[in-house]
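Examining the three-dimensional arrangement
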Amino acid sequence: MNNTELNNQTNIWGIFKKYGLEGLIVFVGFVPILITFGILFIFLTQTWAFFNVVSLVDFFTQREWTPDFTDPQYGIIVLLSGTILVTVIALVVAIPLGILAAIYLSEYASTNVRRVLKIGLESLGGIPGVVYGYFALLFFTPLLKSWFFPDLGTFNALSAGLCVGILITPIISSLTEDALANVSDDLRNSGYALGLTKFEIVSKILLPLSFPTILSSLTLATSVALGETMIVTIASGQRPSLTFNPLDQIETITSFIIRVSLGTVQFDSILFKTIFTLGFILFVVTFSLNSLSYWLQNRAEKRLFSINQSVVGDQKVTRNDAIIEDLAPIVSKYQRPSPLPKPAVDLMADIPPVRLWLNRLFGLLTLMAGVFGVVFIAVFLWDLGQMGLSRINWTFLSSFASRRAEESGILSALVGSLWLFILSLIMVIPLGVGSAVYLQEYGKNTKLDRFLKVSIANLAAIPSILYGLLGLELFVRLLRPITGGTTILSGALVLTVMILPTLIIASRTAIKSSGKKLRASGYALGMTKEQVLMRLILPSALPGILTGVLLAQARALAETAALIGVGAAASVRFLPPLSWEGLQSSYTTLPVQIFNWLKTPTEEVQQLAAAATIILVVILIIINLFSVLIREFFSRNQD
């Protein structure tokens, strides 16, 4: 082979690597759009078939919900009342708690205190829904019954709503804190210079400027509360009733879907189409709320950037003047009567006592909200320990589930969770990282790419039970010859689809933060785009990508609703072999095992649920701890 032939082959291989790699990245990048259209197609098809049988008028006007009776009634208003009731209770809890906690973390807490309290607060969002359901059923309901409502039943909307509220509090607090932190300190200092207290600065300056982001966080939190599944399924009961009494037992849209999924539903039956119609309604509502939240966040970022720039830039002087002009009525109300030689001291000294007491009371309220996360975690772990710590032993870890509580264990659930963890890990990493690379390195500001970004943001926030329905139709029914139906492979595929948006967002953020200078340095040395990507960008972004992988896998490990949707078994008394037959085996997981034990009212079985919950929480803590250690390790090395 002469030099010319060798050079030609080298060029062909180089061209193939360049365009082959780029084509693969572009294909992987658009997988989220395929998922979005897949969800829409499947849900629209089943919904259309449903309304060919059921009258649209009856669906929205009937006051009974009995689709599984011999004389079925399809009054969606019954399920809507339960869903709205739980969501309203959750928002009543989460809005003041989240906003006050964000104010404390942003405006009052020192750096070290903020770090600890923020971890405690954000941990609330990482607790699995099935664990919150356990807490609502076995802690909140007995507590409310003993202290406030003696006639409260075992299942009620109030306990479920309280726990859903705690679950969504981190969404509100995190976005609000970020919005407050983005406001320029010059505006705060202007307020202090004008004699305002911290409470007045927060209420008159910071919160109005952050309002679009706060509204965005409320929209996103509402979407999550509407789609929450396991808490309401476990704690609020499964009795459809048209009521707005929080002490009553109710049924929500998601808990009805779970109830049907737990039984044997025949494909193409009207009951099968019913759960997809409810899923489609839930998808439309949450998709709309998530899109609104995404739009509000972008608008708020541009607005805050504009205002902050105006404070320091020439053009901003005009904007700053406008802000100060807007504050004129406030200033005139609280303005000191005469100028002082030492404003920083004298301004506070002349503030009326009523305003000072109001300021102190506000600070106390924010402190209570700020420490809520740590206090709740402490109470939660204490209650778990009291209930289930004594049941954890070698027999519990190495035995299959049994009708005899003293012989029952979690071996098959642990192995099933491990199977799903490994399989979803293998599938999600190339898809998630590839899509993130496309968006950050190859994507253009076209309408299609903007739609892709919105699709990813929405897929990350839609209820997990919708992924379960998608998997039921796609992986269990249509791809049964490959997956084997309700098998480990179907479970792993649906988890991969579910956690994919989370990994894309985390990986894209990591790649974006690797810096323009690194890219410019690579190009200055004559490297190609692929060389810069493979040798500089991805190694630099590796810590952030690994953190995203661990967080996504933690979500997969804690998932219950989606796996029930694709037929995870209540109990399995064998271990799947490491083979293709093993991939097509029945399975159960730790959260599914906990859920099934919680359905049994005996104290011994519920102790088993508490013990399994402790194991699950410890595993999730270890995974999250690893993600923190990886981030800290690479961060120090980079420094």
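Residues numbered from 1 in each chain as written. Predicted model: local features only at pLDDT ≥ 70, side-chain atom pairs only at ≥ 80, totals over all residues. Heavy atoms only, no water.

With that settled, the discussion passes to the overall build of the protein. Helix and strand content of the protein: 29 helices and zero strands. Expressed as a percentage of contacts within the protein between residues at least 6 apart in sequence, the contacts between residues at least 24 apart total 77%. When the accessible surface of the protein is totalled, it reaches about 29700 Å², and 65% of it is carbon and sulfur. (Helix = DSSP H or I, 4+ residues; strand = E, 2+ residues; numbered from the N terminus. Contact = heavy atoms within 4.5 Å. Areas by Shrake-Rupley, 256 points an atom, 1.4 Å probe, with all protein chains shown as cover.)

A contiguous nonpolar surface patch, about 530 Å² in accessible area, is contributed by Leu358, Leu361, Leu364, Leu365, Leu367 and Met368. Counting through the fold element by element, Leu358 comes out in helix H16 (residues 353-370). (Patch = residues over 30% accessible without salt bridge, like charges linked within 9 Å, V, L, I, M, F, W, Y side chains within 5 Å. Salt bridge = Lys/Arg side-chain N within 4 Å of Asp/Glu carboxyl O.)

Here we take up the pattern of salt bridges. Taken as a whole and assessed by the stated rule, the structure comprises 10 salt bridges. Between Asp185 and Arg188 there is a salt bridge, with its nearest N and O atoms 3.1 Å apart. On the criterion of helical spacing, the pair formed by Asp185 and Arg188 is a turn pair, its members being three residues apart in helix H8 (residues 185-193). Residue Arg477 is joined to Glu473 by a salt bridge in which the shortest nitrogen-to-oxygen separation is 3.2 Å. Here the residue Arg477 and the residue Glu473 both occupy positions in helix H21 (residues 464-478), the gap between them amounting to four residues, near one helical turn. Relative accessible area serves as the criterion here: at 22%, Arg477 is assigned to the partly exposed category. On the accessibility criterion, Glu473 (7% relative accessible area) is buried. (Buried < 20%, exposed > 50% of the residue type's maximum accessible area, 1.4 Å probe, protein only.)

Take the nonpolar core next. Counting residues in each nonpolar core, the largest one holds 175 residues, and the members touching the most others are Tyr132, Phe376 and Leu563. At 16 residues, the largest contribution of residues to this core is made by helix H4 (residues 76-108). Those residues in contact with Phe376, other than ones at most four positions away along the chain, are Leu124, Ile127, Tyr132, Phe135, Phe140 and Ile166. (Core = buried A, V, L, I, M, F, W, Y, C linked by side-chain atoms within 4.5 Å.)

So, about the packing of aromatic side chains. Following the criterion strictly, the structure yields 25 aromatic pairs and no others. For the pair Trp65 and Phe256, a centre-to-centre distance of 5.2 Å together with 85 degrees between the ring planes defines the contact as edge-to-face. Residue Trp65 is located in the loop between helix H3 (56-61) and H4, and its partner Phe256 is located in helix H11 (residues 253-262); the two are separated by 191 residues in the primary sequence. Per residue, the accessibility class of Trp65 equals that of Phe256, and both read buried. Ring centres 6.1 Å apart and planes at 10 degrees place the aromatic pair Tyr104 and Tyr108 in the stacked group. With Tyr104 and Tyr108 both in helix H4 and four residues apart, the pair spans about one turn of that helix. Here Tyr104 falls in the buried class, since its relative accessible area comes to 12%. Take Tyr108: its relative accessible area is 27%, and that puts it in the partly exposed class. (Phe/Tyr/Trp six-rings, centres within 6.5 Å; stacked < 30°, edge-to-face > 60°.)

Mapped onto the fold, Thr47 is located in helix H2 (residues 31-51). The buried category is assigned to Thr47, whose relative accessible area is 7%. Sequence-distant contacts of Thr47, defined by excluding residues within four places in its chain, comprise Phe276, Thr277 and Phe280.

Between its terminal C-alpha atoms H4 stretches 46 Å, which fits the 48 Å expected from 33 residues at 1.5 Å a residue. Along H4, the sharpest change in direction is near 25 degrees and occurs at Ala94; proline Pro96 comes one to four residues later. Extensive coverage of H4 is indicated by the burial of 24 of its 33 residues. (Expected span 1.5 Å × (residues − 1). Bend = angle between axes of the 7 residues up to and from the residue.)

This part is about the packing of helix H6 (residues 129-147) against helix H7 (residues 157-181). Between H6 and H7, whose axes approach to 9 Å, the crossing angle comes to 125 degrees. Relative to H7, the element H6 is oriented oblique. Crossing of H6 against H7: the hand is right-handed. Of H7, the residues touching H6 (which contributes Tyr132, Phe135, Ala136, Phe140, Thr141 and Leu144) are Leu158, Ser159, Leu162, Cys163, Ile166 and Leu167. Per-class residue counts for the contact of H6 with H7 are 10 nonpolar, two polar and no charged. (Axes fitted to C-alpha atoms, helices over the stretch in contact; angles between N-to-C directions. Parallel < 35°, antiparallel > 145°, perpendicular 65-115°, else oblique. Left-handed = near helix turned anticlockwise from the far one by under 90°. Nonpolar A, V, L, I, M, F, W, Y, C, P; charged D, E, K, R; others polar.)

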